[in-house]
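Given next are the chains, with one letter for each unit.
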Number of protein chains: 2
Amino acid sequence: MQRYFSNSKENDKLFLINDDIYHITRVMRMKDNDKIEVIYDNDLYICNVILNELPWVDIVSKEEGKIEDKEIILAIPLLKEQKMDLVLQKATELGVTKIIPVTMERSIVKLADSKEVKKIDRWSKICKEASEQSKRNSIPVISNIMTLKELVKEEGIKIVCSTIEKENNLKKFLTEHKNYDKIIIVVGPEGGISSKEEEYLVSEGFTRVSLGKRIMRVETVPIFILSALNYEFME
Amino acid sequence: MQRYFSNSKENDKLFLINDDIYHITRVMRMKDNDKIEVIYDNDLYICNVILNELPWVDIVSKEEGKIEDKEIILAIPLLKEQKMDLVLQKATELGVTKIIPVTMERSIVKLADSKEVKKIDRWSKICKEASEQSKRNSIPVISNIMTLKELVKEEGIKIVCSTIEKENNLKKFLTEHKNYDKIIIVVGPEGGISSKEEEYLVSEGFTRVSLGKRIMRVETVPIFILSALNYEFME
């Protein structure tokens, strides 16, 4: 069943946005009484489509049981468009809950302040579509672009992907921190995070972790880490 | 230091192909006596560039110690070009040793026999470039397109990503098979491998594994599994 997200509920009806209406009528070519899944406030509803009543759909039933995921916050540098899109889509498929774009010394991509809102809007759309496709119950939040100084205010267990750390690797760290509720992961830009930035994060409570011996492209790193998290806590 | 692969050695010189010469002279704009890394027969050599002597470069020294990796064979359906390219590049970064394109029932991509050689050539080139960038000591081999009947002749421990298996997941399997030398992983097309195909593989010694609760796009699955393998055997 096709899945959509709704932000607004009235009595026994849920409201869908224009893009979803287009998808229902033009892409899926649904007919009256076709059923869809709609997530509202992290709950899953089965809804009935009546074309004349769109953008509203009728709630048929509410499914029991929310999926409570661990909270995974991914802090990444600004990347070139194609790489950014790939990371957003794959991180969503792999369960990220929040993505924080961070300005970093060695990041070659700069973004004018005036373009930030539009970019975040675009990124959020990619995450929404990936959430629908992978049938998640929530859409990852994209925060405003932060500096490292703003980032360190986030609470949780905190790691930074280090190119100098040799002893403490991701596996060791996760094995020793099995019961976390919230993890914050900082991935550096091409060439790695600068040692000054890394020192700063460590002084603010971040733990350095190595990712092993492979040399990965910058956009591969978040996908690798999120895969590892899923694998480690696989049931 | 930039890394290249060579297939031919004469006395103390290694031979480079045209694409690499172009990269050295036009992209990197190297000068006489610039040093490069060249892999020949899985060994790493430091070589000296003399522009007049190209396509041959002089061996300066041979580095000790081969990296002996576990052998990872990835059997994947034919995918649309962009997805195939992504899988080839990322699987190479993550240490795959051989990729076998396999014809499967539900695969929507078909390839005329006449185009196979050209395609394999293109895929091999992507793997070669990714190997250079991630400084691997070997380039993954792309085999001819196989049927499942041909695939089952491969030796090693064997798994098939199943959408019906609930109990035995990838983590359980890898934890119980830590000492393998060679693993063969079959990933299905969109919609999953058909149950008839899955039954056949199981009858030929493959083990069904689940990848957990996430719903991933087809091109994400191999990246996820290879990340998990690297994570599980991280040192």
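Small disclaimer: the values here were computed from a predicted structure and weren't measured. (Residues numbered from 1 in each chain as written. Chains lettered and ligands numbered in written order. Predicted model: local features only at pLDDT ≥ 70, side-chain atom pairs only at ≥ 80, totals over all residues. Heavy atoms only, no water.)

Caption draft 1: The nonpolar core, seen in detail. Counting residues in each nonpolar core, the largest one holds 82 residues, and the members touching the most others are A:Leu74, A:Leu170, A:Ile185, B:Leu74, B:Leu170 and B:Ile185. Setting aside residues no more than four positions away along its own chain, B:Leu170 makes contact with A:Tyr231, A:Met234, B:Ile159, B:Val209, B:Ser210, B:Leu211, B:Phe224, B:Ile225 and B:Ala228. (Core = buried A, V, L, I, M, F, W, Y, C linked by side-chain atoms within 4.5 Å. Buried < 20%, exposed > 50% of the residue type's maximum accessible area, 1.4 Å probe, protein only. Contact = heavy atoms within 4.5 Å.)

Caption draft 2: Focus on helix 3 (residues 113-133) of chain B. All names here are of chain B. When the terminal C-alpha atoms of helix 3 are compared, their 31 Å separation across 21 residues agrees well with the 30 Å that a helix rising 1.5 Å per residue should span. Within helix 3, burial applies to Glu116, Ile120, Trp123, Ile126, Cys127, Lys128, Ala130, Ser131 and Glu132. Elements that come into contact with the buried residues of helix 3 comprise strand 1 (3-6), helix 1 (18-27), helix 2 (81-93), strand 8 (98-102) and strand 9 (141-142). (Helix = DSSP H or I, 4+ residues; strand = E, 2+ residues; numbered from the N terminus. Expected span 1.5 Å × (residues − 1).)

Caption draft 3: Representation of the environment of B:Lys80 in the model. Residue and element names in this part refer to chain B. Positionally, Lys80 belongs in the loop between strand 7 (71-77) and helix 2. What makes Lys80 exposed here is its relative accessible area of 54%. Separated by 27 residues in the primary sequence, Lys80 and Ser107 place their C-alpha atoms 9.9 Å from one another. If we skip the residues at most four places from it in the chain, Lys80 touches Ile108 and Val109.

Caption draft 4: Spatial organisation of the pattern of salt bridges. This structure, assessed with the given rule, holds 40 salt bridges over all chains. Here A:Arg208 ties to A:Glu199 by a salt bridge, and the two come within 2.9 Å at their closest N and O atoms. Relative accessible area serves as the criterion here: at 44%, A:Glu199 is assigned to the partly exposed category. Notably, a salt bridge pairs B:Glu37 with B:Lys135, separated by 3.2 Å at the nearest N-O pair. Of this pair, B:Glu37 sits in strand 4 (residues 34-40) while B:Lys135 sits in the loop between helix 3 and strand 9, and the two are 98 residues apart along the sequence. On the accessibility criterion, B:Glu37 (12% relative accessible area) is buried. One continuous salt-bridge network, built from bridges that share partners, spans A:Lys83, A:Arg217, A:Glu219, B:Lys90 and B:Glu93. (Salt bridge = Lys/Arg side-chain N within 4 Å of Asp/Glu carboxyl O.)

Caption draft 5: Expanded view of the side chain of B:Glu197. All names here are of chain B. On the secondary structure map, Glu197 appears in helix 6 (residues 195-203). Look at Glu197: it is buried, it has no salt bridge, and the nearest opposite charge is Arg106 at 6.5 Å. Among the polar contacts made by the side chain of Glu197, one reaches the main-chain amide nitrogen of Glu105 at a distance of 2.7 Å. Those residues in contact with Glu197, other than ones at most four positions away along the chain, are Met104, Glu105 and Leu148. (Lys, Arg positive; Asp, Glu negative; His and termini not counted. Polar contact = N/O pair within 3.5 Å; in protein donor to acceptor, adjacent residues only side chain to side chain.)

Caption draft 6: Representation of unusual backbone geometry within the structure. The omega torsion of the bond from A:Leu54 to A:Pro55 falls at 10°, within 30 degrees of zero and hence cis. Along the chain, the position of A:Pro55 falls in the loop between strand 5 (43-49) and strand 6 (56-62). In this model, A:Asn11 sits at a positive phi of 50°, which is unusual for a non-glycine residue. Overall, A:Asn11 belongs to the exposed group, its relative accessible area being 72%. Phi at B:Lys135 takes a positive value of approximately 55°, unusual for a residue other than glycine.

Treat this as a map of the structure, not an account of what it does.
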